[in-house]
Amino acid sequence: EFTGRILLISNESSLPYDRPKLSKVMDAKPEAVHLRTQQFYDDNHIEVMTGNSVTSLDSKSKEISLGNGTKIKFDKIYIATGSTARKVSIPGANLKNVFVLRSIKDANEINAEMNETCHVVILGVSFIGMEAAAFCVKKAAKVTVIGRDKFPLRAFGNEIGERIMKFFEEQKVEFLMMNGVKECVGNANGSIESVVLNDGSKLKADVLIMGTGTTLNTEFLKDSGIMINQNGSIDTDEHLQSNIPDVFVGGDIANSPIYTGNRETIGHYGLAQLHGKVAALNMCGKEEKLKVVPYFWTMVFGRSIRYAGSGKAKEVKIEGSLEEMKFVAYYIGDDDKVIAISSCNRDPIVSQFAEYMTQGKSIYKKDIESNPFGWVQNIH
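Residues numbered from 1 in each chain as written. Predicted model: local features only at pLDDT ≥ 70, side-chain atom pairs only at ≥ 80, totals over all residues. Heavy atoms only, no water.

**Some points on the overall build of the protein**
Next up, step 1: Check the secondary structure of the protein and you find eight helices and 25 strands.
Next up, step 2: Here the protein has a C-alpha radius of gyration of 22 Å; the compact-globule value for 380 residues is 21 Å, and the two agree.
Next up, step 3: Each principal axis of the C-alpha atoms in the protein carries an extent, and together these give about 65 × 55 × 40 Å.
Next up, step 4: Counting over 380 residues, the protein shows a buried share of 46%.
Next up, step 5: The long-range fraction of contacts in the protein, counting pairs at least 24 apart against all pairs at least 6 apart in sequence, stands at 56%.
Next up, step 6: Working note: accessible area of the protein is about 19,100 Å², and carbon and sulfur atoms make up 48% of it. (Helix = DSSP H or I, 4+ residues; strand = E, 2+ residues; numbered from the N terminus. Rg over C-alpha atoms; globule rule 2.2 N^0.38 Å. Buried < 20%, exposed > 50% of the residue type's maximum accessible area, 1.4 Å probe, protein only. Contact = heavy atoms within 4.5 Å. Areas by Shrake-Rupley, 256 points an atom, 1.4 Å probe, with all protein chains shown as cover.)

**Quick word on the pattern of salt bridges**
Next up, step 1: This structure, assessed with the given rule, holds 23 salt bridges.
Next up, step 2: Between D246 and K76 there is a salt bridge, with its nearest N and O atoms 3.0 Å apart. Of this pair, D246 sits in the loop between β17 (234-235) and β18 (247-249) while K76 sits in the loop between β5 (71-73) and β6 (77-79); the two residues are 170 residues apart in sequence, bridging distant segments of the chain.
Next up, step 3: Overall, D246 belongs to the buried group, its relative accessible area being 18%. (Salt bridge = Lys/Arg side-chain N within 4 Å of Asp/Glu carboxyl O.)

**Let's talk about unusual backbone geometry**
Next up, step 1: Cis geometry is adopted by the peptide bond preceding P348, which originates at D347 and carries an omega value of 10°.
Next up, step 2: Among the secondary structure elements, P348 is positioned in the loop between β25 (338-344) and α7 (349-358).
Next up, step 3: At H45, a residue that is not glycine, the phi angle is positive and equals roughly 55°.
Next up, step 4: With respect to the helices and strands, H45 occurs in the loop between α2 (38-43) and β2 (46-49).
Next up, step 5: Phi at D336 takes a positive value of approximately 65°, unusual for a residue other than glycine.
Next up, step 6: Note on placement: D336 falls in the loop between β24 (326-332) and β25.

**Quick word on α7**
Because the α-helix completes a turn every 3.6 residues, residues three or four places apart line up on one side.
Next up, step 1: Considered for burial, the residues of α7 that qualify are I349, V350, F353, A354, Y356 and M357. All buried residues of α7 fall inside an arc of 160° around its axis, so they share one side.
Next up, step 2: Phi turns positive, to about 80°, at G360, one or two residues after α7. (Arc of directions from axis to C-beta.)

Here you go:
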C-alpha cells in the first residue's frame, strides 16, 4: 500500500470537473460536473491545491515552484496541464461577449447571455463549435456557424460532413462555410455587436464563440530539461515517461504512442483519462504499456456520433442510411487497410473497432465487401 504524499495541483479554482459537458450543458453548476467530491480526496489522502499554478520545474533538484513562491519537492511527477483555448488574433477579439469555451466560467458566462433576442455567431466547425451550436440554438434567436471548409467535422469526410450540416440546418442552425471572421465590431459599451466576414459581409453578433484551436500549456517547462516539440507537445515512451526519468506526461500535451506505432498529440478527454491511469500504474512501479486507439464522440440533438482511428483516407465506404442518420463509415487507406471508422446511431460498432485495433488485428477493404460486420466475430 502506498503511504507517501499525493498532491494534486490545479490552477482552476474548482475541483476537477467533467470538461466535455461544458459545450453541451453551458448552464451546469460546478458541483454538478465535479468528477469527485472533496470527501473522495479526503478519504484517499489526496491533497488538492486549487487556484495554484506551477511556474517552473527543476528536473535536477526534483522541485517545482508555484506562482505564490512556494517550492515543492517531488519523487515522481505527472504533468497534464492541457491546453488554453485560443482566440483568433483579429481586430475586436477582446471585446466583451467574445468568448472561447474551455472552463466552467466560460460556459456559464456564455449561458448568461442567452435569450430569445440574442444572435450567436460561432467560429469553428469542430466538435466544440458544433456542440455549442446545438446548445445555443435552443435558447437564442439565431445561431450562425462559420467555417473555413466546405463542410463541418473534416475528419468524417465530405459526404458525412454535408449530411451532419443538413441535419443541423433542420434544427435551425445556419452555416456560412468557406468563410471566416476578419473583424469584430463593438458598440459604445465595448461589447460586440457585429462581425465582418472574409467576404466583406456583415453579420449581427451579440455573442461570438471562437472554437478555433488551442495552445499547449508547456511554456513553464522551457528551462526544465524536458524536451519540448515546436508545437509545445512533449514526446513520451509507451509508459508515458518523458526524456527525464520520473517525469511523466499525459493528456493534451503528450505526444505519445498510438496503436499504429506512431506518436500523436491528441486533445481528447477519454484519452486523457487513460493516460492518467497508465501513468499512475507506472509511477507506482507496476509496468503498464499504453494501448491507444484515438476515439472521439459527441451527442447532438439525440444522435450519437463516433469516430475511432487515425490517418488519411483515400476512400470512404458507407454502410446504412445517411438520410436516416443511421450509418457506419469505413475509412480506407493506401494499402486497402481500414484505418478508421465512424458511426451515427450505430453503437457500439466504433467501440468494437477500437477494441479490435487494440488487439493488434487489421481489417482490409476485401473483408468488408461481402460482410461489413463479419470482423466483429473475431473480437476476443
